Amino acid sequence: MHCPNRGTWQAYLDFEIMEKEREILEQHAANCLLCQQTIEELRQLEQWTSRCLTDYQQKIEEQIPDNTQRYPIAELKQESKKSFIRRDMWMSRSIKKWVAIAASVTVLTGLMTFSPVQQAVADFLSIFRVHKIQTVQINPDDLQNMARAIETKVGEIDLQQFGKVEIIKKQEQVKLSVEQAGKQLPFTLKQPSYLPAGHKLAERVSLYSEGQAEFKLNVQQANSLLKGLGAKTLLPESLDGKAFNVHVPAGIQLDYLKDERQRAFTLTQFSSPELIVPDDVDPRDLRAALLDLPILPSDLRSQLASIEDWQNTMIIPDTGEGDIEKLSVNGNEAIYGKYKNGWGSLFWVDKGVIFQLNGNLEREEIIRIAESLS
Amino acid sequence: MERDFQQLFKEHYYMLVRQAAFVLGDPTAAEDVAQEAFVRLHRTGVKKVDNPAAWLTKVTNNLCFDFLRSEGSRRRREEKYAQPAELTTLTSSTENIVMDKEEVRLVQKALGKLQPRDRMVLVMKFSGYSYDEIAATVELNKSSVGTILARARERFKREYEGLS
């Protein structure tokens, strides 16, 4: 077989190829380094483009004339229905924006209290690891006010403004058989014992290698941002230039097909990412500065402050608009959401492994599959 | 029917403006396009359309593509006849928005340099449309969408890197 052209591989990546041809392509790729390279290039190109366009889209939408204010609630509802599915992004886009804010607050809140942990590993301490999830109630108006406050006071915020980010080890994806992939995971792979009729696991699964990034805080810049937001508590100079490490362990994505063709649902499993802080840094300083920010609605502040196990808790904002539902999966708290295109998504954490099930299935089926994992 | 129409307008107008603004990079032109889509719906008759929301989305995409093509040809004509000194001040309506963030501004500029078809394919794919929908809008064979898409992304990246 001649190597398929780039367009064919692009269509393959976009799931725009019939299952029969897909298999032939996969067999070819398994033995062809050149094509594996092409696939990786195309994948990276897509990631790069998406990154560019995400920011751009947000900026453009912010410029849409003010008369959108006439239907602020309808707007938000429509926004929250507009969503798309990706491994790294399971929430709707409007929520994503808030998550970014809430997450930075949390991660930093997490960074902050940091009871002196005993198990120092070399000169690093691991302090942040997701073991559970918790929703915080926040109403859409408060969210908008926060966003507006940030935009008008300091403009758009990105991580680069706080310091320097360096990717030390990039996450890569390879296709393997489920047995091979399972051996390379830092946790025991779980598979469902229940599958709806006509569904089965695809022959090859995607294994994501571990990734690592380093973040060096620039205290002066971070403080000037905090000041811009009206903060009275600032970060101490001693945090300057200290390297924080983010480690994302290897993970896996299993694709399940319906009637041997269509991708019906995916199940991803990752062990919880870790944030590693140098041991001479006291993150309580960071927590104090962030929880003190005047832009936080006091209700949200008290909710965040009351999360006791903040080092291990991932925060998910619930705007009370009915697109997020709290459930229990085998005793673990889970969050269920539904997308505009009818796909449902279930997200939970079990013993340090983050699970996510996305699929073109009814809510009850999704829950049943999740509960059958072993 | 008037009431249906009012209701549709209320529910979908701003969504269409957002959709068009993203494709065109120009909120003002996007409002024109979205209004035109409703004018056409009114002319066709709401009752005659099976799924008005899908219909409006499709017509808006088509109108955006038409707009980019006419805009592109206008710009090429102008550039051909413009004096070198004027070239620097010549800005198309899709590019004259002041962007306060450098990267976003570069993205906008790089998009502006793409051929209308490349731009349309790139942006529609990002917005989650299928190859079938993309093919129908830019009048391509579905089997070429992958090739055009990969190439459009490469060109976009090249333009972006050429600017920064």
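This one's a predicted model, so the numbers in the text were calculated from it and none came from an experiment. (Residues numbered from 1 in each chain as written. Chains lettered and ligands numbered in written order. Predicted model: local features only at pLDDT ≥ 70, side-chain atom pairs only at ≥ 80, totals over all residues. Heavy atoms only, no water.)

## Considering the overall build of chain B
Argument step 1. Scanning chain B for helices and strands turns up eight helices and zero strands.
Argument step 2. Taken from the N to the C terminus, the helices and strands of chain B come in the order α-α-α-α-α-α-α-α.
Argument step 3. Scored against the burial criterion, the 164 residues of chain B give a buried share of 49%.
Argument step 4. Considering only residue pairs separated by 6 or more positions, chain B has 60% of its internal contacts joining residues 24 or more positions apart.
Argument step 5. Element-wise, carbon and sulfur atoms account for 48% of the exposed surface of chain B, whose accessible area totals about 8400 Å². (Helix = DSSP H or I, 4+ residues; strand = E, 2+ residues; numbered from the N terminus. Buried < 20%, exposed > 50% of the residue type's maximum accessible area, 1.4 Å probe, protein only. Contact = heavy atoms within 4.5 Å. Areas by Shrake-Rupley, 256 points an atom, 1.4 Å probe, with all protein chains shown as cover.)

## A look at the overall build of chain A
Argument step 1. Helix and strand counts for chain A stand at 11 helices and 16 strands.
Argument step 2. Split into buried and exposed, the 374 residues of chain A put 51% on the buried side.
Argument step 3. Long-range contacts, defined here as pairs at least 24 residues apart, represent 71% of the contacts in chain A between residues at least 6 apart.
Argument step 4. For chain A, the computed accessible surface area is about 18000 Å², with 51% contributed by carbon and sulfur atoms.

## Description of the packing of aromatic side chains
Argument step 1. Here the structure, examined in full by the defined rule, presents 13 aromatic pairs over all chains.
Argument step 2. Seen from their ring centres, Y13 of chain B and F38 of chain B are 6.2 Å apart, and the 55° between their planes marks the pair as tilted. With Y13 of chain B in helix 1 (residues 2-24) and F38 of chain B in helix 2 (residues 27-44), this residue pair connects regions lying 25 residues apart in the sequence. Comparing Y13 of chain B with F38 of chain B shows no difference in burial state: the two are buried.
Argument step 3. Positioned above the aromatic ring of Y194 of chain A is the side chain of R368 of chain A, whose terminal nitrogen or guanidinium carbon lies 3.7 Å from the ring centre. (Phe/Tyr/Trp six-rings, centres within 6.5 Å; stacked < 30°, edge-to-face > 60°. Lys NZ or Arg CZ within 6 Å of the ring centre and 35° of its normal.)

## So, the packing of helix 1 (residues 6-13) of chain A against helix 3 (residues 33-62) of chain A
Residues and elements named next belong to chain A.
Argument step 1. Close contact between helix 1 and helix 3 brings their axes to 10 Å; oriented N to C, the two are set at 60°. Relative to helix 3, the element helix 1 lies oblique. In terms of crossing hand, the pair formed by helix 1 and helix 3 is right-handed. Residues R6, W9, Q10 and L13 of helix 1 form the contact with helix 3, whose participating residues are C35, T38, I39, E41, L42 and R43.
Argument step 2. Of the residues contributing to the contact of helix 1 with helix 3, the split by class is five nonpolar, two polar and three charged. (Axes fitted to C-alpha atoms, helices over the stretch in contact; angles between N-to-C directions. Parallel < 35°, antiparallel > 145°, perpendicular 65-115°, else oblique. Left-handed = near helix turned anticlockwise from the far one by under 90°. Nonpolar A, V, L, I, M, F, W, Y, C, P; charged D, E, K, R; others polar.)

## Some points on unusual backbone geometry
Residues and elements named next belong to chain A.
Argument step 1. At F15, a residue that is not glycine, the phi angle is positive and equals roughly 55°.
Argument step 2. Within the secondary structure layout, F15 lies in the loop between helix 1 and helix 2 (19-31).
Argument step 3. Residue N330 is not a glycine yet carries a positive backbone phi of 45°.
Argument step 4. Position of N330 among the secondary structure elements: in the loop between strand 13 (324-329) and strand 14 (332-338).

## Focus: the packing of helix 6 (residues 116-126) of chain B against helix 7 (residues 131-138) of chain B
Residue and element names in this part refer to chain B.
Argument step 1. Remark: helix 6 packs on helix 7, axes separated minimally by 10 Å, with the N-to-C direction vectors making an angle of 155°. As the angle between them shows, helix 6 and helix 7 are arranged roughly antiparallel. Helix 6 and helix 7 meet at a crossing whose hand is right-handed. Residue-level inspection shows R117, M120, V121, M124 and K125 of helix 6 in contact with helix 7, the latter providing Y131, E133, I134, T137 and V138.
Argument step 2. The residue inventory of the contact of helix 6 with helix 7, partitioned by class, reads six nonpolar, one polar and three charged.

## Notes on the UniProt feature "domain: HTH luxR-type" (unreviewed entry) in chain B
Argument step 1. The positions UniProt marks with the feature "domain: HTH luxR-type" (unreviewed entry) are residues 128-155 of chain B.
Argument step 2. A distance of 20 Å separates the end C-alpha atoms of residues 128-155 of chain B, which is 68% helix and 0% strand. (UniProt positions renumbered as here; feature names shortened; annotations may be inferred.)

## Overview of the confidence of the model for chain B
Argument step 1. Mean pLDDT over chain B: 80, with 80% of residues reaching 70 or higher.
Argument step 2. Under a pLDDT of 50 for its full length, residues 79-100 of chain B has, in the predicted model, 35 contacts with residues more than four places off or in other chains. (pLDDT = per-residue confidence, 0-100.)

## Considering helix 2 of chain B
Residue and element names in this part refer to chain B.
Argument step 1. Compared with the 26 Å implied by 1.5 Å per residue over 18 residues, the 26 Å span of helix 2 between its first and last C-alpha is a close match.
Argument step 2. Among the residues making up helix 2, those that are buried are P27, A29, A30, E31, V33, A34, A37, F38 and L41.
Argument step 3. The backbone nitrogen of T28 has a side-chain oxygen 3.0 Å away, supplied by the residue at the start of helix 2, namely D26.
Argument step 4. Following helix 2 by one or two positions, G45 adopts a phi angle in the positive range, close to 100°. (Expected span 1.5 Å × (residues − 1). Polar contact = N/O pair within 3.5 Å; in protein donor to acceptor, adjacent residues only side chain to side chain.)

## Focus on the confidence of the model for chain A
Argument step 1. Put simply, chain A has an average pLDDT of 71, and 61% of its residues get 70 or more.
Argument step 2. Here residues 66-129 of chain A is modelled with pLDDT under 50, and outside its nearest four sequence neighbours on either side it reaches 161 contacts, counting other chains as well.

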